[in-house]
Each structure stands twice: as structure tokens, then as C-alpha cells.
Amino acid sequence: MVKSSEGYPDALYIDRHFIHEVTSPQAFDGLRKRNIKVFNPSRTTATADHNVPTIDQHLPIKEALSRHQVDTLRKNCPEFGVELYDLGHPYQGIVHIIGPELGLTLPGMTIVCGDSHTSTHGAFGNIAFGIGTSEVEQVLATQCVLQYRPKTMLIEVNGMLGKGIVAKDIILYIISKLSASGATGYFVEYAGEAIRNLSMEARMTICNMSIEMGARGGLIAPDETTFSYIKGRRFAPQGETFERMVEQWRQLKSDPNAEYDHMLKFDASDIAPMITYGTNPGMGIKVTDRIPTLEELKDISEQPSFSKSLEYMGLQPGSAILGQEVDYVFIGSCTNARIEDLRMVASMVQGKKKASNVEVWVVPGSKQVEKQAREEGLDKIFEAAGFQLRQPGCSACLGMNEDKIPAGKYCISTSNRNFEGRQGPRARTFLASPLSAAAAAITGRVTDVRELV
Amino acid sequence: MAKEKFITLKNQAVPIPNDNIDTDQIIPARFLKATTREGFGENLFRDWRYNSDNTPKADFPLNNGTYDGKILIAGKNFGCGSSREHAAWAIYDYGFRVVIYRFFADIFKNNALNNALLPVQVSDSFLKKIFALIENDATTAITVNLAEQKVVLPDGSEESFDINPYKKTCLLNGYDDIDYLLSLRDEIKHFELTH
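The present account deals with the structure reproduced in this document. Position labels on residues start from 1 in each chain and follow its written sequence. For naming, the first written chain is A and the first written ligand is 1, with later ones following in the order written. In keeping with the model being predicted, local features are shown solely for residues with a pLDDT of at least 70 and side-chain atom pairs are shown and tallied solely at 80 or more, while totals for entire chains, interfaces and linings include all residues. With hydrogens and water set aside, each side-chain value is computed from the structure's full complement of heavy atoms.

### Quick look at the interface of chain B and chain A
And step 1. Contacts between the two partners involve 53 residues from chain B and, on the opposite side, 70 residues from chain A.
And step 2. Together, the buried faces of chain B and chain A total about 5,000 Å²; carbon and sulfur atoms form 56% of this surface.
And step 3. For this document, the term salt bridge refers to a Lys or Arg side-chain nitrogen within 4 Å of an Asp or Glu carboxyl oxygen. Taken together, the connections running from chain B to chain A amount to seven salt bridges.
And step 4. A salt bridge links K3 of chain A to E187 of chain B; the nearest nitrogen and oxygen atoms lie 3.1 Å apart.
And step 5. Residues adjacent in sequence count toward polar contacts only when both atoms are side-chain atoms; beyond that, a polar contact is any pair of N or O atoms within 3.5 Å, and within protein one must be able to donate a hydrogen and the other to accept it. Summed over the shared surface of chain B and chain A, the number is 34 residue pairs in polar contact (both at pLDDT 80 or more).
And step 6. Helix and strand assignments follow DSSP, with helices taken as H or I runs no shorter than four residues and strands as E runs no shorter than two, numbered in order from the N terminus. Among the elements of the structure, α1 (23-26), β4 (76-78), α3 (86-94), β6 (103-104), α4 (106-113), α7 (177-182) and α8 (185-194) of chain B are those that each provide at least two residues to the side of chain B that touches chain A.
And step 7. Broken down by class, the residue content of the side of chain B that touches chain A amounts to 20 nonpolar, 16 polar and 17 charged. Whether two residues touch is decided by their heavy atoms; if any such pair falls within 4.5 Å, the residues are in contact. Summed over both partners, the accessible area lost on bringing two parts together, with a 1.4 Å probe, is the buried area. Residues are grouped as follows: Ala, Val, Leu, Ile, Met, Phe, Trp, Tyr, Cys and Pro are nonpolar; Asp, Glu, Lys and Arg are charged; all remaining types, including Gly, are polar.

Rendered as C-alpha cells:
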């Protein structure tokens, strides 16, 4: 905290700032208009991810507006002295995937990015949150943002997860309980045995989707799992410095008697493979459950929005979702495109083939993930199954590039948002885990993954 | 850079009675490719406003000819989802200066405040009253008084709303956060050296 004065919001110093091509051009323009430099260029890292094609990345971007936006980033970064991991660079990838894998994301930091899924970095015990472009400009100009203290929420998940149930199911379950707005105004800390047992990749999946219940950020206290993930990463502290930092990082945990504004407990044994049926991430159910009826809604005022949502999805209230045919399978996004996610998919499809009615896109989160997937032979497994392994980017999570789901088609997706038109105009999205998506790729239908594992 | 000042506004309103209007509805991702802040109003609520052949959807409130005005009225959790400031730019660029809603998603609210678009949170019952009044008479004028922090309806009923005092000062005077932060640059440099 640089300054906290009466009548003003706190000026919070930002340790790490990530930028991408979509939410930064207007911020750089602002600096130019004011004739100021970037305050501390070494604390900002840029990559191109939202607009980039996922095939033939070595060729110029075909779509003129996308190319212009990426070109603008290419012009702005050197002009202001900011490191850019451009297309073709071995470190390029989705901004929230590359930060952690490069060791740029470390415990105890304040991290911002002009992207709501910045909460991902909270998995390392950080204060990490998404900001708008005006704030991106503030960080570039002063390395600070103005913030008010958020409310705090503790979500404990105790017990052990069942077979075939993974981090994505935990977070979809939590959001289905809290709704798409249940954590608005809060920073969430995730704790409990089921969270503690997760790998860093899985913890990132959990923190990533905090925003989908309205939370500004989500975090998990760092532990040995965190430290061993960081050790040896490209920009992480090395050798003795690393050991010294680990000692400091060990202190980053909430006091056992800490008070929160709100506390919730869930039992991992109640969590099943989850899937969304509607048009916000709070509209999720266990894959074996029926879609609710209008009468079953907790809040009667939600009926018009609920009906509109189901009409958009082409689904009937009270019907089963199991067995619903899918047309596309998207495995990717900052939620689920890390190496562990790709391994999970590969383990499910090894020796099997995709159903003939589905098209399957596997979009790795970064060049490093892509490289590792190839080194581990996952590409061969995908190829044999009829899956397309593409090049890194945000891709069909938001369809800013060519990777759009056609109108009226159903896509089971490992991404984070099922909003109307999110994956393409009139596209219909089912959010699920990488395992559930892989299972649907094989059967061509929404499937209970527990029958296949 | 100085923004338009917001003091008080008496104007008609456009109702969009949905909950959880996410920023992908306000401005779909495929329209985020501009590198300036202007012109996003054209694609505000694009997929709700236009058919796939780009003809206007006749029944959408921005198209049906019934409603006009600088105040946008909707349900709860407005602006959830993506942090895209383009959503606030699009609403402002279209001509709205106030959004009255049950409650706002945090990032959107901040983005609106940074762009002279006033987010006004009111109670469920007051919001229902506004919807009923507009439905009954589309020319109903609503007064939003920032200095006194209240919304006044033609029948004289009113409700006060909360706004952070710092943000209120910024809006009333057209100040920008960055001006304040830039005034702290020496303190920030000192902080960097000592932490």
C-alpha cells in the first residue's frame, strides 16, 4: 500500500502487471496523449492471445481488425519498453497460463491485468484481480491502482473427491450453490482438505472462475505444492534466493482465527461431475440431475430470465441433460488448457476415437504447454482419436478469432462462460471439466464420466 | 484528462428488464477489436438488437420506438462477466449517462465510474415502481441528482443511493483517477525503493 488517506481510495502498488492486445491499446494511447512513459516497464509483461488464430500462426493474421489490434500491441510494447511474447515466441500463450508457468506469478504479490480471469493467479496466494482499461493506463503510468478494501469470504471444501471428479467440478458446484452473483463484492479464500490436495494447475482452475460468481478475486494459501511448482521456473528466484523466499512465503497464510465477512463449508463427497445447462455459470447441475423447472427456482423473480435462457439453449425445463447430443468439444481457455488438463483428456481418449457427429478442438494454453504435450506424445493420442491439436490462444472461449461455434450448435467446453453468443453468435455452451468434455467427445453426447473411468 | 461533469439529469428511460446482463451481451467480443474508445455504441446489445442478417429486432426496447432517453434501467447483477471497459464505453457512446439497476458487478461499476457513466443502485421495490411507471407511460421523466444522491420520480417519490465520496467528487468535477495517482508519483518511487 503506497498511500491510504482519508477521503481517497487506497493507492495499491502492483507487483506484476500483465497486458494483452484487446484491453491495452486505449491505455497506451492515454499515455501518449499525456506524454508520459511507463512508470516501471520491468513489471509489465505482454502477450497476444485473445485475437490470435490457432492454426498457421506463422502467417499474417487474416482478419484485418484482429491483425491491426495485434500490430498495435507490437508497436506499443517496444515504444514503451514492455516485454512482449508475440506469436511465434516460445513463451507466447494465454496471459493467465504464461504468468505462472514462467515464474512471473509468485506468492504474496499484487497482480492485475485488463482481464477478469486475473483471479487465476490467486492460486499462488496472491491478491490478483481484473481491471478495466482506464486502470490499465493507471498501472502503466504509476504502477498503482486505486482500490477499496473488499469484503472477505472463506469457502472450505472438506473431504475427498470421488472418482472422475476434478477441480472444474468443484468450482462449478460452488458457483451453482452461490449463483452468478453470490460473491459480488468479495475476495474469496478457498481452503479445506479437498482444495489442499489439488495440484497447482487444479488450484488455478478454481481461482480462475471466482469471477463467475461475482468475486473480484480468489486465493489459496501457498504451501509445499506451490513452492515445488515454482522451483526452477524461468523467472522465479533461483538457488539461495529461492530458499529465502520460500521461508517468507510460508508465512502467507490466514490466521487460524481470522474473521471473514462470510464463511461457507461444502462436503467434497456431495460433488459430482457438473455441467451447466443455461446462459450463466451459476446455472449448473450434477450431470445426472434434471434441469430445474420454473416452480423449482428459489427466487420467483428469476423466472423470465430463466425461461429466456432455456429458450436460447433449446432445452426444456425439468428434462435430463445426460444424453443430450453435442456438436463441438472445446478443450482450452485460461480455465483448463494447462498440461495437466491435456494429460487428463489424453488419459480418457487413449485408444479411443471421437464420435462421428462431433468436432473436437484442443487448444493448448501456451507454446510451452503445446511443446510439452508433443514431447509427451499427447499429440499422437489426440490425432488417433480424431481431435485437432491447435496452437495457443483464447480461441473458442470467446470466439474473437475464427474459432467460433456455429449458430444453434451445442458445444461442451472446458472454458469459463456460457453466456449467450460467447462462443459465437447463437452458439450454445455446456461448461464442464476436461474429463467430461473428453467423455462427450467419445460418445457424442453429454455423458457421466464416471461410467468411463 | 478531464471527463464530462455529471451533476443532475432529468430524462426519460429505456427499460431492459433482465437479470445478469453480462458484458458479452452489452458488447460481444467480436466488436472489441477497435483500438480507440469511440464508436462502440453502434454495437451496444448487438445480438439482442439485431437479427443475424443485421436487420433490427423490432421488439427490442432500443428499436421498438416506444422508449428513448439517457437512463438505462435493468434488473440485478448488471455488467457481470468480462472486465471489458468497452461495455461502459458502448453504453456511454450510445447516449446513456445513467444506469439504474438492482446491483452491479464490481468491475463494471468501476469502469462506469471511470467513464462518467453513473451507476445507480436502488431497492427492489423502487426498481419495480420505475418499471411500472415506464410501462404505463414511456415518457416518464426520472431525475437523478448526484449532489444530493437521490432518484426522484414524477409522483414525488424518491430514493437515495450510495456512491463513494471520492468518486462523487470526481464525477461532479470531471476529475480522472489518473490525475490523483500521478500526483503521488514521488511517493510511489519512494515505496518502490524501500520495499
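Let us keep going from here.
### Quick look at the sheet that holds strand β16 (residues 388-389) of chain A
All names here are of chain A.
And step 1. The parallel open sheet is built from five strands, whose spatial order is β16-β15-β14-β17-β18. The open sheet has two edge strands, β16 and β18 (428-431), and neither has a second partner.
And step 2. Strand direction decides the pairing type here: strand β14 (residues 328-331) and strand β15 (residues 359-362), joined by four bridges, are parallel. Looking across to β15, one finds that Y328 is bridged to E359. Strands were regarded as paired on the criterion that DSSP finds at least two bridges between them.

### Quick look at the side chain of T35 of chain B
And step 1. Relative to the elements of secondary structure, T35 of chain B occurs in the loop between α1 and α2 (46-49).
And step 2. Separated by 3.4 Å, the side chains of T35 of chain B and H68 of chain A make a polar contact.
And step 3. Discounting residues that sit within four places of it in the chain, T35 of chain B has contacts with P25, Q26, D29, H68, Q69 and T72 of chain A.

### Some thoughts on the environment of A432 of chain A
All names here are of chain A.
And step 1. Along the polypeptide, A432 turns up in the loop between β18 and α14 (434-443).
And step 2. Under the relative-accessibility criterion, A432 is labelled buried at 0%.
And step 3. For the pair A432 and L172, spaced 260 residues apart in sequence, the C-alpha to C-alpha distance is 7.9 Å.
And step 4. Leaving out residues up to four positions away in the same chain, A432 has contacts with K168, L172, M274, I275, I412, S413 and T414. Exposure is judged per residue with a 1.4 Å probe applied to protein chains only, and the accessible area is read against the type maximum: over 50% gives exposed, under 20% gives buried, and values in between give partly exposed.

Any functional reading would require information beyond the geometric quantities listed.
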